[in-house]
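# Chain and residue survey
This is what each chain is made of:
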Number of protein chains: 2
Amino acid sequence: MTAGLTTAQLTEKHQPTLDQALATIRSRGYWSPYPEHPKAYGADGVPGSLGAEEGHAAFEALRGKRFELDQPGTDGWTATESSPYGLELGIEYPHADVDVLLAAQRAAMPAWRDAGPRARAAVCLEILARINARTHEFAHAVMHTSGQAFMMAFQAGGPHAQDRGLEAVAYAYAAQTEAAPPEAEWVKPQGKREPLELRKAFTTVPRGIGLVIGCNTFPTWNGFPGLFASLATGNAVLVKPHPRAVLPLALTVRIAREVLRDAGFAPDLVALAAERQDEGIAKTLAVRPEIRVIDYTGSTAFGDWLETNARQAQVFTEKAGVNTVVVDSTDDYKGMLSNLAFSLSLYSGQMCTTPQNLLVPREGIATDAGHKSYDEVVADLAGAVDKLLGDDARANALLGAIVNDQVSARIDAAAQLGEVALASRTVANPDFPGATVRTPVIVKLDGAKPDAEAAYLSECFGPVAFAVAVDSTEAAVGLLRRTVREKGAMTVGAYTTSPEAERLIEEACLEECAQLSLNLTGGVYVNQTAAFSDYHGSGGNPAANAVLCDSAFVAPRFRTVEVRRPVAPAAQA
Amino acid sequence: MTAGLTTAQLTEKHQPTLDQALATIRSRGYWSPYPEHPKAYGADGVPGSLGAEEGHAAFEALRGKRFELDQPGTDGWTATESSPYGLELGIEYPHADVDVLLAAQRAAMPAWRDAGPRARAAVCLEILARINARTHEFAHAVMHTSGQAFMMAFQAGGPHAQDRGLEAVAYAYAAQTEAAPPEAEWVKPQGKREPLELRKAFTTVPRGIGLVIGCNTFPTWNGFPGLFASLATGNAVLVKPHPRAVLPLALTVRIAREVLRDAGFAPDLVALAAERQDEGIAKTLAVRPEIRVIDYTGSTAFGDWLETNARQAQVFTEKAGVNTVVVDSTDDYKGMLSNLAFSLSLYSGQMCTTPQNLLVPREGIATDAGHKSYDEVVADLAGAVDKLLGDDARANALLGAIVNDQVSARIDAAAQLGEVALASRTVANPDFPGATVRTPVIVKLDGAKPDAEAAYLSECFGPVAFAVAVDSTEAAVGLLRRTVREKGAMTVGAYTTSPEAERLIEEACLEECAQLSLNLTGGVYVNQTAAFSDYHGSGGNPAANAVLCDSAFVAPRFRTVEVRRPVAPAAQA
C-alpha cells in the first residue's frame, strides 16, 4: 500500500503538470505528460511503472478471480465479460445494492466539496499518475474487452485516455477558479451616505453523483473525461461499465479509491456498479434523484432515452453518427489513398470517428496522377486497403478483433447492398485463434438512386465503407450537409485542391457544426483526435451533445453558492 | 438616425467597458457603468441620453400607435397589454409569420458568426449603451407593464437590467476566447522521423436561434441575460415577450435592430414575436428545429414542459420557488425587523427573490432587545411593515401595483389559511386611480401541523408571508432543507448570532444549493442581487436550472468548429 499523502503534498507534486495542461487547453498545441511508447514504462522508464512483462503478469493475475473493491453494499458477484480474442477472463465483480452504495457516496461528498478545486485537481492527477504507471496492465485489460489490437489498446486505452482525463481536470479546475474568488468585498458607494458593504464567500458545490455509463469499444478513452470532470468538480462518481468491458473501469475505480483513501478522503467518492447479464441497471440508475450528471457513450436510442427521461440530471451523450469524406481532387493521390485505407482499417472501423461514406463525383476527380474516374478511385482505394492489410501479422496489428457478432453480421449484410469493390476477408490470428478478425468491405452505391439512401444515411458501425457516386462536388457538399444535420457526424474529411470547393466544404461544416480534417495524406488520420488540441465531436449535431472536452462539458457539473453578510463593525474600523 | 459605425470603431469605443466587466466577473466587487440615479440622465448627464421629461414624452409618443419594427413576415398586428396602473397603452405590435421570420434570422447568421467574438461583444455593448441612454423611456415602459413603482422600474428595469446584459456579454466573450485561439500549430515529435504537423483553425459557431420567453414582472432584467448571452455567442435571437409586458422588449428589439443595421449586419439577427391574446405561440416556437437555445422565466408548469419537450434546444429556466428566512437570533432586532419589512414590501412581494416563509422557533429568539417570543417577533414584524407603509405616498413608491388579478386573489385566500398577524391593506394611488395597490399580509402557521404544510410548501407569489412557528432552529434548518430540495429557492435569508446555528444554516445551503444572505439589517435586502458580484439563484435547486450569469449560462450557447490541415510544404521551409 502507498503511504498517506497530504493534499498539500499532492498539490505540490502535480501543480506543474496541471499548469501545463491549463496552458495547453488555451494554446491547443501538442503536449502530453504520458509517454505513448510501451518501452517508456518499466524499470528504466516512468518511475514506479510496470514494464511490459510486469503489466502482463498483473493482468494475468486478475483472471479467474474475484475483483475485490471493498465497496459498501455489495450484495453479490457478477461476471459478464468475454474477450473478443477468445481468452477466458472469468473475473467476478462486486454487484451493488444501489441504495446502500449511493447513500455512502452522498455521505462522502461534503468533505470532498470542502477540499476545494485545487486539492481535488491534485487528487485526480495522482489517480491519473497511478493509472499511467500501470499502462501495460490497462493495455491488456482494454485489448481483451474492446478487441483493440495491443498497440492501440496500449496507446488509446492508456496515455491518450489519460490525456483526456487530465484535460477534463484542467477544464474543471479552470471553470471553478474562474467562477469566483473564495471571498470578495463588495462596496457600493451611496453618495454622501455610508457605502453599502458586504463580505461574500463563494463555494463551488457539486451537483450530486455523476453516473458514467461506459462503452464496449473505448472504456477508458470515452469514460475518463466524464469521470474526471465530475470528480474534479466535487461530485461523487458511480461508474456503470459496459457489461463486456468492465475490467478497465474496475481497475480505474480501484486505483481512484486507493488514492482517495491515501489522501484522507472517503474512497466511496468513486464506486463501481457492475451489472448482471441483461440486468439493464443503467435505466434504473439514470433516473435516481441522487444522480445529477450522466456521461454516456453508446447507441442513439438509449442516448435519446436518457436525454428525455433523466430530467433530474445534466446528460452528456455521444451517440451514433455517419462520418463523411468528400473526395473532390488531390495533389497527392497515393497519400490520400493510403491515408484513407489506414482510416478505414484501424480497429476494424469500430471507432465513432471512422469514415463511412466516401463521396466521389461520378465524373471522377483531378489528381497529381491524372484524372481518375469514380471506378478508378474506388478500385485504387480497394487496392490500397488490400496492400495495407496484405500481410496477416500487420493486418492483425491494425485491425484488432471484431467486438461482437452484430458487427460481423453488418459486414456480411453490407455486401448485399451494392456492388462490392472490396470484399471483407477473414484473417487468422495465430496468437488468439478464437478472435474474429475481418478486413473492411467497400461497397459502391449510387447517390442518385433513392433506394441507396437507406444504406448510406444510417450508421453501419464496423469495417464498412460506402463509396457513394455523386453528381458533383456541390452535390457531395449537399449530401454532407444533410447527413450531418439528420444523422450527425463525429468527423468530416475532405480532399480538394480547389479553393472554391474548400470554401464550400468549410462553410458546410461551420453551419452544420462538424469537425473537418482537410487533405490528410500523411501520418495523421481523420479518426484520431489529440487531447488538449482537438475537440472530439462538435456537440452541435445529432452525433453528440458534448465534446471531450470544453467549458460546456464541465461548467454545468458544479454550482457556486454565495454566502453574503454585512461587514462586521470591527472590520470597518 | 445614427450614422453607420464600423465594428472596429465600436470595439475601440467599448473595449474599456468590456475589460472592466471581464475583470469584475472575476473579482466580484461592486461596479456598474450605468448610473442608477434618474438625474444622471439628460442634458448634463450620460451623453446623448434622454432626461426625465424627454423620456416621459418618448413613452407617451408610443401610446395608441403601431410600434413599427420593419421585420420580415409581418402578417398582422396585435395589442395585448394593459397597464397595472390603469393607463391605456393601446400599442399594436407586428405579429410575425414565423416561417418567414425564422428563415430571415437564419440567413443573417453566417455573417454574424464570421464577425467573431470581439466584434459581436462591441455591437452588444453599443445596443446596451443606446438602451441606457433611453433609461427614462424604458422606466415608464417597465412601470406600465410590470406594475413596478417608478423608481424600481427605473433602476431594476434600467441600469440593473443593463448590468445583467453586460455581464452576459462579458461571460460570453470570455468563454469564446478561452475556448480556443483562432489558429494553432500542432507539432507532434516522432522520434527520429519528421514530426507530425498540422495547422488548426478554430471558429466559434452559434447553435442556431435563441428564443427568449419574457416574463410579466421583470421583462428587461430577466430578459437581457439570455438575449445578450445568445447574441454575443453568434446566435440570432427571437424575443417572445409576455403578452402583458411587450413594450420594454419591443423597444429593446428595435434598438438592437438599429445598431445591427448601423454596424453593417442584418437587423433580423434580433426580432420580436408578439402574440395575439391566448395564442400561446411559445409552445409552437419552442419546438421549432431552428430554435436551439431557450431562455425562460415563469411558471414551473411551463418551465417543466419546455425542459421535457424542447429537446432540440438548450433550455435555461427560472421557475417558481419558496424562499425562506430562518430567524434564530439577532444582535440588531430593530434592524432585522425593518430590513425584513422592506423585503416583504418591495414591489408588493412580486419578486422571485422575495421571502415567503419566516421560520421562527416557537420558544422565541434571543435579541439585543431581550428575549422575544414567537408572537412578539411576528407582531413586531407586522408593526415594522405597518410603519414602513404607514404613509400612502411612501407605500405607493415601494409597493407599486399588483400585476394581475391572480395576485390579488392569492392575498385574500392567504388570509383564510391561518391567524392573520398583519392584514393586507388597499392603498389608494392618487396619480393612477386604476392601480390595485396592496400591502403584504402576514399569516401565522404552525410548522408542526401537517395541514399547514400545503400552504408553506407552495409558492404563493405576491405580498404574502407565512410566519411559521417551528420547534427549534434545528427544525427550521430541517424545514429549510426540505423546502429548497422539494420546491426550490432563489434566496435564503437567516438571522443568527450563534456560530453553531450559522454553521448549520450554511451547510444546509451548500448541500441543497441555495444562495444565503446572513444578518442583513441595513440597506441591502435578501431579494436584491447585484450583477458582476451576486449570482441570481443557484441553478442547483428546483427554482432554476441556470444562474444569471455564469459560465454554464453561456458555454452551451456556442460550439467550436475546428478545421485542421497539414502544414503546407512552403510554410514548413
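Just so you know, these numbers come straight off a predicted model, no measurement behind them. (Residues numbered from 1 in each chain as written. Chains lettered and ligands numbered in written order. Predicted model: local features only at pLDDT ≥ 70, side-chain atom pairs only at ≥ 80, totals over all residues. Heavy atoms only, no water.)

When helices and strands are tallied, chain A shows 19 helices and 21 strands. In terms of overall size, chain A behaves like a compact globule, its C-alpha atoms giving a radius of gyration of 25 Å where 573 residues would be expected to give roughly 25 Å. Principal axes of the C-alpha set define a box for chain A whose edges measure 85 × 70 × 45 Å. The 573 residues of chain A split such that 64% are buried. Intrachain contacts of chain A at a sequence separation of at least 6 include 76% that bridge at least 24 residues. Total accessible area on chain A stands at roughly 19400 Å², and carbon and sulfur atoms take up 52% of it. For chain A, the separation between the mean place of its 50 positive charges and that of its 67 negative charges on side chains is 8 Å. (Helix = DSSP H or I, 4+ residues; strand = E, 2+ residues; numbered from the N terminus. Rg over C-alpha atoms; globule rule 2.2 N^0.38 Å. Buried < 20%, exposed > 50% of the residue type's maximum accessible area, 1.4 Å probe, protein only. Contact = heavy atoms within 4.5 Å. Areas by Shrake-Rupley, 256 points an atom, 1.4 Å probe, with all protein chains shown as cover. Lys, Arg positive; Asp, Glu negative; His and termini not counted. Charge placed at Lys NZ, Arg CZ, Asp CG, Glu CD.)

When the parts come together, some accessible area is lost, and that loss is often what is quoted as the size of the interface. Residue and element names in this part refer to chain A. Domain annotation of chain A identifies domain 1 (39–319) and domain 2 (324–518). For domain 1 versus domain 2, the distance between C-alpha centres works out to 34 Å. Counting from both sides, the interface comprises 17 residues of domain 1 and, opposite them, 19 residues of domain 2. Across the contact surface, domain 1 and domain 2 share zero salt bridges. Viewed at the interface, domain 2 and domain 1 are joined by three residue pairs in polar contact (both at pLDDT 80 or more). Here the side of domain 1 that touches domain 2 gets four residues from one element, more than from any other, and that element is helix α4 (residues 135–146). Broken down by class, the residue content of the side of domain 1 that touches domain 2 amounts to seven nonpolar, eight polar and two charged. (Domains from an automatic or database assignment. Salt bridge = Lys/Arg side-chain N within 4 Å of Asp/Glu carboxyl O. Polar contact = N/O pair within 3.5 Å; in protein donor to acceptor, adjacent residues only side chain to side chain. Nonpolar A, V, L, I, M, F, W, Y, C, P; charged D, E, K, R; others polar.)

Next up on the list: helix α2 (residues 52–62) of chain A. Residues and elements named next belong to chain A. Buried within α2 we find Gly55, Phe59 and Leu62. Relative to the axis of α2, the buried residues are bounded by an arc of 55° and lie together on one face. Elements that come into contact with the buried residues of α2 comprise α4 and α8 (247–262). Two residues or fewer after α2 comes Gly64, characterised by a positive phi angle close to 70°. (Arc of directions from axis to C-beta.)

Our next topic: the pairing of strand β4 (residues 193–206) of chain B. Residue and element names in this part refer to chain B. Relative to β4, strand β3 (residues 183–190) runs antiparallel, the two being bridged by seven bridges. Of the residues in β4, the one forming a bridge with Lys188 is Leu196. In this structure, the hairpin formed by β3 and β4 is closed by a connection of two residues, where Gly191 is found at a positive phi of approximately 65°. With nine bridges joining them, β4 and strand β21 (residues 558–566) adopt antiparallel strand pairing. Bridged to Leu198 within β21 is Pro566. (Pairing = 2+ DSSP bridges.)

As a further point, take the packing of helix α11 (residues 333–345) of chain A against helix α12 (residues 374–388) of chain A. Residues and elements named next belong to chain A. Where α11 contacts α12, the two axes come as close as 8 Å, and the packing angle between them is 60°. Overall, the two elements α11 and α12 adopt an arrangement that is oblique. As for the relative orientation of α11 and α12, their crossing is right-handed in sense. Between α11, through Tyr333, Leu337, Leu340, Ala341, Phe342, Leu344 and Ser345, and α12, the contact on the second element is made entirely by Glu376, Val377, Asp380, Leu381, Ala384, Val385 and Leu388. Tallied by class, residues from the contact of α11 with α12 come to eleven nonpolar, one polar and two charged. (Axes fitted to C-alpha atoms, helices over the stretch in contact; angles between N-to-C directions. Parallel < 35°, antiparallel > 145°, perpendicular 65-115°, else oblique. Left-handed = near helix turned anticlockwise from the far one by under 90°.)

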